[in-house]
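What follows is the residue order along each chain.
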Amino acid sequence: MSHGPICTRFAPSPTGYMHIGNLRTALYAHLLAKTTGGRFIVRIEDTDQVRLVEGAVDVILDTLRMTGLSYDEGPIVGGPNGPYVQSERKDIYRQYADQLVAKGYAYYCFCTQERLQEMHDENGIGGYDRHCRDLTPEEVQQHLDRGEPYVIRQKMPLSGTTTYYDEVFGEITMDNAEMQDQILLKSDGFPTYNFAHVVDDYLMQVTHVVRGSEYLTSTPKYVLLYDAFGWQRPHYVHLPLLMGRSDDGKISKLSKRHGAVSFQDLVNSGYLPEAIVNYIALLGWCPKDTNREMFTLDELRECFSIDAISKSPSVFDYEKLKWFNSEYIKQMDPARFAAAARQRLQDCTPAHVDLDKLIGLLQSRVATLDEVVEMSRFARERLPLDTELYTNKKNKTTPELCRTILEDVRPLLADCAVWENTALFELLKEYAAATERKAGAIMWAVRIAVARQGVTPGGATEVMEVLGKEEALGRIDLALEELNR
RNA sequence: GGCCCGAUGGUCAAGAGGUUAAGACACCGCCCUUUCACGGCGGUAUCACGGGUUCGAUUCCCGUUCGGGUCACCA
């Protein structure tokens, strides 16, 4: 591939949340650097003063910390080529923009925003007529003397083509005539992304630019900038986009309208960072020579490679994420799961409920931590019960049969000295044997009566144990009352 | 609309000039079982279309179609 150590960067703008597509970009950039023992840099691209969001940098850094995407240089930790926040590098960009103007690769533009607006067509697709491209130095000076606001634009070649090589997509060629004289330095003195990232990537010695493929067609403009400065172009690694399907079935770049698309959203609804990382790693990349799907970050660092990155976009599938998450929950250290579950349950669970037992039943049955709450509703309240639930084809139960069973079993349970799963199980089995009834039928009747919901975490005796003797018996009484009505 | 990119089941995907075209999720069925879940076994379903090149194309080339991206003082 390439010679010398690889250096990649993750350069998000602080929007206040970490989009899952951005996280995948960060992951790949991190992996590419780390598989080869290279450097990974984090740089904050906050040149849009209008869209600044308070605390947004923390969101980014917290996400990287939670996912384990460690970086060698970046905000707070610093590094040899800092600062790593673009708003703190304002002077640097101006200096390089001036250099470009002096070399004839950029020029001052004094056109008003109103004038620019007028050139946009009905679809808002604009063009700039290069009105100021050929202003004489005297004219420029006159405007400047009048104190008029200005921007600095890149002077694109008017003919010919520009070609660059992308590590994923191969050779990309664009007609120079397609490229606008894009703005490098805005009238507020801040650079645009188009300019700032080129300067920074050069100064920070980034060797591989990893980013989404939405930049595929604007990259020729950036390589022209490298050429103008006389800098060596970096390697480009454009990633296939992450897509979402909206209600009308249309597929497009994953965005908020597709649901929870930020890392924080997913974590808040009970997804584990490890599961999220594992899933998104496989969206657009596939390990060589293996069918394996479960990967820790360390394992990914060992087998990641650019040539296994796919070219075609992939649709984000919440079902598959859920599956990964359930696998990770099952593998979770029980104590850690218990802590997470307890946090969600303790405030809404009545005192008579054996929370530890309940949590123990839950771990192998939930796909997300949030499901812990929904799945234990039965323990929290006496749900409205449809008598038809007593009817079960397989166990051949009917409401009438269940009533008989419950009447029989109620005194036996009341006499039960040790209110514990195994003892209760034995008791009910003895009763089944004595009456020559199917154990399944007994269990069904009892489970429905005490849980009052069709799907429960655990069987009849486990449910009873969780509820405690008093509540369980109370519910059997209630069930009998309802069945005798 | 111009330009750029892409196309293997519903989704993620492996694959290769000759294969019974892997695997995973989802779905369906069966088994296990104390319900549910877990687990086990099995099943339905894919190479967008048309031309070439070739003994042979899903794989290579061209076109079409479809999908996506992009054309900002946003990144």
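Computed from a predicted model, the values in this text were never measured in an experiment.

Time to look at the overall build of chain A. Helix and strand content of chain A: 20 helices and twelve strands. Radius of gyration (C-alpha) of chain A: 32 Å, far over the 23 Å computed for a compact globule of 485 residues. Seen through its principal axes, chain A has C-alpha atoms that stretch 105 × 50 × 35 Å. Burial statistics for chain A: of 485 residues in total, 49% are counted as buried. At a minimum sequence separation of 6, the contacts of chain A that also span at least 24 residues come to 73%. Of the roughly 22,800 Å² of accessible surface on chain A, 49% is carried by carbon and sulfur atoms. If the 54 positive side-chain charges of chain A are averaged to one point and the 70 negative ones to another, these points end up 3 Å apart.

Accessible area lost on assembly of the parts is the figure often given for the size of an interface. We note that the domain assignment places domain 1 (89-239), domain 2 (243-331), domain 3 (332-377) and domain 4 (382-485) within chain A. Computed over C-alpha atoms, the centres of domain 1 and domain 4 are 74 Å apart.

Let's shift gears to the environment of isoleucine 359. Structurally, isoleucine 359 is set in helix H13 (residues 355-362). In this structure isoleucine 359 comes out as buried when scored by relative accessible area, which is 3%. Note: C-alpha distance between isoleucine 359 and tyrosine 202 (157 residues apart in sequence) is 53 Å. Once residues within four sequence positions are removed from consideration, isoleucine 359 is found in contact with Phe337, Ala338, Ala341, Arg342 and Leu345.

So, about the pattern of salt bridges. Counted by the stated rule, this structure contains 31 salt bridges. Arginine 65 is the salt-bridge partner of aspartate 62, the closest N and O atoms lying 3.5 Å from each other. Separated by three residues within a single helix, aspartate 62 and arginine 65 lie in helix H2 (residues 56-67), roughly one turn from each other. Looking at aspartate 62, the relative accessible area reads 34%, which means it is partly exposed. Put simply, Arg9, Arg43, Glu45, Arg89, Asp200 and Asp201 are held in one network by salt bridges that share partners.

Further remarks concern the sheet that holds strand S7 (residues 183-185). Reading across the sheet, the three strands line up as S3-S4-S7 and stay open at both edges, with antiparallel pairing between neighbours. Edge positions in the sheet fall to strand S3 (106-109) and S7, since each of these pairs with one other strand and no more. Each neighbouring strand pair of the sheet contributes to a mean axis angle of 45 degrees, computed without reference to strand direction. Both S3 and strand S4 (residues 151-154) contribute to a ladder of four bridges, which runs antiparallel. If you follow tyrosine 107 over to S4, its bridge partner there is arginine 153.

Attention shifts here to the protein's contact with RNA strand B. Taken together, 63 residues surround RNA strand B, and among them Glu293, Lys394, Phe425, Gly458 and Gly459 come closest. In the environment of RNA strand B, a base nitrogen lies 2.6 Å from a nitrogen or oxygen atom belonging to the side chain of arginine 365. At 2.4 Å, a side-chain N or O of arginine 447 approaches a sugar or linking oxygen of RNA strand B. With four residues, helix H11 (residues 318-331) is the single largest residue contributor to the surface near RNA strand B. Of the residues in the surface near RNA strand B, the class split is 23 nonpolar, 22 polar and 18 charged.

What follows is about the sheet that holds strand S11 (residues 251-253). Read from one edge of the open sheet, three strands run S11-S10-S12, paired in mixed fashion. Each end of this open sheet is capped by a strand with a single partner; those strands are S11 and strand S12 (314-315). Relative to S11, strand S10 (residues 242-245) runs antiparallel, the two being bridged by three bridges. Pairing of glycine 244 across the sheet is with serine 252, part of S11.

The rules we used
- Residues numbered from 1 in each chain as written.
- Chains lettered and ligands numbered in written order.
- Predicted model: local features only at pLDDT ≥ 70, side-chain atom pairs only at ≥ 80, totals over all residues.
- Heavy atoms only, no water.
- Helix = DSSP H or I, 4+ residues; strand = E, 2+ residues; numbered from the N terminus.
- Rg over C-alpha atoms; globule rule 2.2 N^0.38 Å.
- Buried < 20%, exposed > 50% of the residue type's maximum accessible area, 1.4 Å probe, protein only.
- Contact = heavy atoms within 4.5 Å.
- Areas by Shrake-Rupley, 256 points an atom, 1.4 Å probe, with all protein chains shown as cover.
- Lys, Arg positive; Asp, Glu negative; His and termini not counted.
- Charge placed at Lys NZ, Arg CZ, Asp CG, Glu CD.
- Domains from an automatic or database assignment.
- Salt bridge = Lys/Arg side-chain N within 4 Å of Asp/Glu carboxyl O.
- Pairing = 2+ DSSP bridges.
- Axes fitted to C-alpha atoms, helices over the stretch in contact; angles between N-to-C directions.
- Near = heavy atom within 4 Å.
- Polar contact = N/O pair within 3.5 Å; in protein donor to acceptor, adjacent residues only side chain to side chain.
- Nonpolar A, V, L, I, M, F, W, Y, C, P; charged D, E, K, R; others polar.

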